[in-house]
Amino acid sequence: MGAFTPWRGAKEVSGVAFVVAQEVPTSSSMAVPHGPAGVGQARHRMRDQLRGRGMPDAVVDDAVLILSELLSNACRHGRPLGRAEIGDGDVRAAWEVDGAGRLTVEVTDGGGPTRPVPATPSVTARGGRGLNIITSLAQDWGVRDSSSGEVTVWVIVTEGHRHEDFSTRVAVPELDFADTFDPVDDLS
């Protein structure tokens, strides 16, 4: 992947068409309302920008899922940011593509009573799998705390890390049914 993927537009001046190249941003940051309302807008913006950047579809799909999980967790477990320059009641979503093509996705909230850690939900639990999904999709992830109490969860997504089958990407405890059943004798 090159340093950037240009977006090309055409402009006509006095009957002559000129091709204008504009660099697609390699990073973006946006305030997202603390709640489900802004998650779709953030996903849409990320998808458009990453596709415009020429990122592989597998990376874009994983990054959009990761962004959704991070924003959902920030709204469920974290407090909104309260700084005027971001917007009262928001969380911050950001992503950046480095020169090597690695994508970093970050979501920052105002902190909360618990630390972001993968859970071990029961089979019937309605939630608790988000960070496990992120772990299976990401090259790496972590949590960064600021002195003002903000918490940023960051995730690095790369093309080579993704498996083709989603079920192989989600960590599931090994199941061994062999010992559960007695061998069946031949009745003939």
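Up top you'll find the structure we're talking about.
Rules used in this analysis
Along every chain, residues carry numbers that run from 1 in the direction the sequence is written. With the structure being a predicted model, the display of local features is reserved for residues of pLDDT at least 70 and the display and counting of side-chain atom pairs for 80 or more, all residues being used for whole-chain, interface and lining totals. With hydrogens and water stripped out, all remaining heavy atoms of the structure feed into the side-chain values. Only DSSP runs of H or I with at least four residues qualify as helices, and only runs of E with at least two residues qualify as strands; both kinds are numbered from the N terminus onward. Accessibility here uses a 1.4 Å probe with only protein chains present; expressed as a share of the type maximum, an area under 20% marks a residue as buried, one over 50% as exposed, and anything in between as partly exposed. The contact definition used throughout considers only heavy atoms, calling two residues in contact when any of these lie within 4.5 Å. Using only the protein atoms, space was sampled on a 1 Å grid; points where a 1.4 Å probe fits but cannot get out form cavities, open sets with protein on both sides within 12 Å along at least five of seven lines form pockets, and lining residues are those with an atom within 4 Å of a point. Grid points are joined across faces, edges and corners, and a volume is the space filled by probe spheres set on the points. Under the grouping applied here, Gly and all other residues not named as nonpolar or charged are polar, the nonpolar ones being Ala, Val, Leu, Ile, Met, Phe, Trp, Tyr, Cys and Pro and the charged ones Asp, Glu, Lys and Arg. Every helix has an expected span of 1.5 Å times one less than the residues it contains. By arc we mean the arc of the directions from the helix axis to the C-beta atoms, nothing more. Should DSSP find at least two bridges between two strands, the strands are taken to pair. Lines fitted to the C-alpha atoms define the axes, with helices restricted to the stretch that makes contact. Angles between their N-to-C directions range from 0 to 180 degrees. Within 3.5 Å is the distance limit for a polar contact, defined as a pair of N or O atoms, with the added protein rule that one can donate a hydrogen and the other accept it, and that residues adjacent in sequence qualify only through two side-chain atoms. Here is the rule for angles: anything less than 35 degrees is roughly parallel, anything more than 145 is roughly antiparallel, 65 through 115 is roughly perpendicular, and the remaining ranges are oblique. What makes a crossing left-handed is the near helix being turned counterclockwise from the far one by less than a right angle; a clockwise turn instead makes it right-handed.

**Describing the overall build of the protein**
Right, so step 1: For the protein, the helix and strand inventory stands at four helices and seven strands.
Right, so step 2: Secondary structure elements of the protein, listed N to C terminal, follow the sequence β-β-β-α-α-β-β-α-β-β-α.
Right, so step 3: Out of the 188 residues in the protein, the part that is buried amounts to 35%.
Right, so step 4: Within the protein, counting contacts between residues at least 6 apart in sequence, those at least 24 apart form 59% of the total.

**Comments concerning the layout of surface pockets**
Right, so step 1: Volume-wise, the largest pocket comes out at about 440 Å³.
Right, so step 2: Counting residues per element, the ones that place at least two in the lining of the largest pocket are α2 (57-77), β5 (103-109), α3 (130-137) and β7 (151-157).
Right, so step 3: Among the elements that line the lining of the largest pocket, the one with the most residues is α2, at seven residues.
Right, so step 4: Looking at side-chain class alone, the lining of the largest pocket contains 11 nonpolar, 10 polar and five charged residues.

**A word on helix α1 (residues 39-52)**
Right, so step 1: Taking 1.5 Å of rise per residue, 14 residues should cover 20 Å, and α1 covers 20 Å from first to last C-alpha, within 8% of that figure.
Right, so step 2: If you check which residues of α1 are buried, you get V39, A42, M46, Q49 and L50. Along α1, the residues classed as buried sweep out an arc of 105° about the axis, all on the same side. Those residues of α1 that are exposed and aimed more than 90 degrees away from the buried face are Q41 and H44.
Right, so step 3: In the segment just after α1, G54 is the residue with positive phi, at about 85°.

**Let's talk about the sheet that holds strand β4 (residues 90-97)**
Right, so step 1: Judged by pairing direction, the sheet is antiparallel, and its five strands sit side by side in the order β3-β4-β5-β7-β6 without closing on themselves. Single-partner strands in this sheet number two, and they are β3 (27-33) and β6 (140-145). Recorded for the sheet is a direction-independent mean angle of 15° between the axes of neighbouring strands.
Right, so step 2: Taken together, the six bridges between β4 and β5 define a ladder with antiparallel strand orientation. In the sheet register, A94 faces β5, and the bridge partner there is E106.
Right, so step 3: Where α2 meets the sheet, it contacts β3, β4, β5 and β7, and its direction lies at approximately 10° from that of β5.

**Description of the pairing of β3**
Right, so step 1: Of the two faces of β3, only one is covered, namely that formed by S28, M30 and V32; the face formed by S27, S29, A31 and P33 stays uncovered.
Right, so step 2: Both β3 and β4 contribute to a ladder of seven bridges, which runs antiparallel. In the strand pairing of β4, P33 is matched with D90.

**Observations regarding the side chain of Q49**
Right, so step 1: Tracing the backbone shows Q49 in helix α1.
Right, so step 2: A relative accessible area of 18% means that Q49 is categorised as buried.
Right, so step 3: Here W95 takes part through its side chain, which lies 3.2 Å from a polar atom of the side chain of Q49.

**So, α3**
Right, so step 1: Taking burial as the measure, the eight residues of α3 include six buried ones, the bulk of the element.
Right, so step 2: Turning to α3, its buried residues are G130, L131, I133, I134, S136 and L137.

**Focus: the packing of α2 against α3**
Right, so step 1: Running from N to C, α2 and α3 point in directions that differ by 150°, and their axes come no closer than 10 Å. As judged from the angle between their axes, α2 and α3 are roughly antiparallel. Seen along the crossing, α2 lies across α3 with a hand that is left-handed. Contact with α2, carried on its side by D62, L65, I66, E69, L70 and N73, involves G130, L131, I133, I134 and L137 of α3 and no other residues of that element.
Right, so step 2: When grouped by side-chain class, the residues that make up the contact of α2 with α3 number seven nonpolar, two polar and two charged.

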